[in-house]
Amino acid sequence: DSGRLFQEALDLFRKAGDRRLEAEALVNCASAQLRTGRVEEALTALEVAARMHPANGEGALLLAGVHSHLGRLDRSEEVLRRGVATCPDDAGLLRQLAIVLSSMHRDDEALVVLERARIAGRSALDAAVTSVNVAIGLRYTGKLREGLDLLLSVLPQHPVLNGHLE
């Protein structure tokens, strides 16, 4: 039984005092619970994991996603801001925070966060994709020229992305 095996592994991490591994196990369990439609159980596991190991970006993204799905954008923003506070260079957390802020019609704030995500991007492609998101955001806030300038500055540097857009 997978539930029993999971509980045994969780008990081992707990006995070893490894809160990071215990939190990761809870996030994995929550992910499985979500796939089977057990949203409230997953939400509880993700909340516990977030308290155990606040620097778990994957857990924060999943928890924020559940809150967003349930229409709790304010809770999603709160979770993502906590995640960004512990992992300020996590481009994924920053991008998701920008999406939530934009969903709350806080586009100017979302653009600032997207710019932080672009700078924090670990790879050239990651930075390029985030730059495209920033440019799209600029377009929607009426700053079409700034968005176009940003795209034109990024595309020549990234032939793979440029090839897909041509």
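What counts and what doesn't
Residues numbered from 1 in each chain as written. Predicted model: local features only at pLDDT ≥ 70, side-chain atom pairs only at ≥ 80, totals over all residues. Heavy atoms only, no water. Core = buried A, V, L, I, M, F, W, Y, C linked by side-chain atoms within 4.5 Å. Buried < 20%, exposed > 50% of the residue type's maximum accessible area, 1.4 Å probe, protein only. Helix = DSSP H or I, 4+ residues; strand = E, 2+ residues; numbered from the N terminus. Contact = heavy atoms within 4.5 Å. Salt bridge = Lys/Arg side-chain N within 4 Å of Asp/Glu carboxyl O. Expected span 1.5 Å × (residues − 1). Polar contact = N/O pair within 3.5 Å; in protein donor to acceptor, adjacent residues only side chain to side chain.

Asks: Quick rundown of the nonpolar core? Include the residues and the values.
Replies: Formed by 32 residues in total, the largest nonpolar core has its most connected members in Leu46, Leu80, Leu93, Leu94, Leu97 and Val113. Elements with a contribution of two residues or more to this core: helix 2 (19–35), helix 3 (39–52), helix 4 (57–69), helix 5 (73–86), helix 6 (91–103), helix 7 (107–120) and helix 8 (124–140). Val113 has contacts with Leu94, Leu97, Ala98 and Leu101, leaving out every residue within four places of it along the chain.

Asks: Can you break down the pattern of salt bridges residue by residue, with the values?
Replies: Going through the model one piece at a time under the given rule, you end up with 9 salt bridges. Of the charged contacts, one joins Arg20 and Glu24 as a salt bridge, the two residues approaching to 2.9 Å between their closest N and O atoms. A residue pair is termed a helical-turn pair when its members lie 3 or 4 positions apart in one helix, as Arg20 and Glu24 do in helix 2 at 4 residues. In this structure Arg20 comes out as partly exposed when scored by relative accessible area, which is 39%. Here Glu47 ties to Arg75 by a salt bridge, and the two come within 2.9 Å at their closest N and O atoms. One end of the pair, Glu47, is in helix 3; the other, Arg75, is in helix 5, with 28 residues separating them in the sequence. Among the ionic contacts, a cluster of salt bridges with common partners joins Glu47, Arg75, Glu78 and Arg82.

Asks: Which residues make up helix 4, and what values go with them?
Replies: Along its 13 residues, helix 4 runs 18 Å from first to last C-alpha, staying within 8% of the 18 Å computed at 1.5 Å per residue. Along helix 4, the residues that are buried comprise Gly57, Gly59, Ala60, Leu63, Ala64, Val66 and His67. Looking at the buried positions of helix 4, the neighbouring elements they touch are helix 2, helix 3, helix 5 and helix 6. Two or three places before Glu58, at the start of helix 4, stands the capping residue Asn56, its side-chain oxygen 3.2 Å from that residue's backbone nitrogen. Immediately beyond the C-terminal end of helix 4, within one or two residues, lies Gly71, with a positive phi of roughly 80°.

Interpretation in functional terms is not warranted from these geometric data alone.
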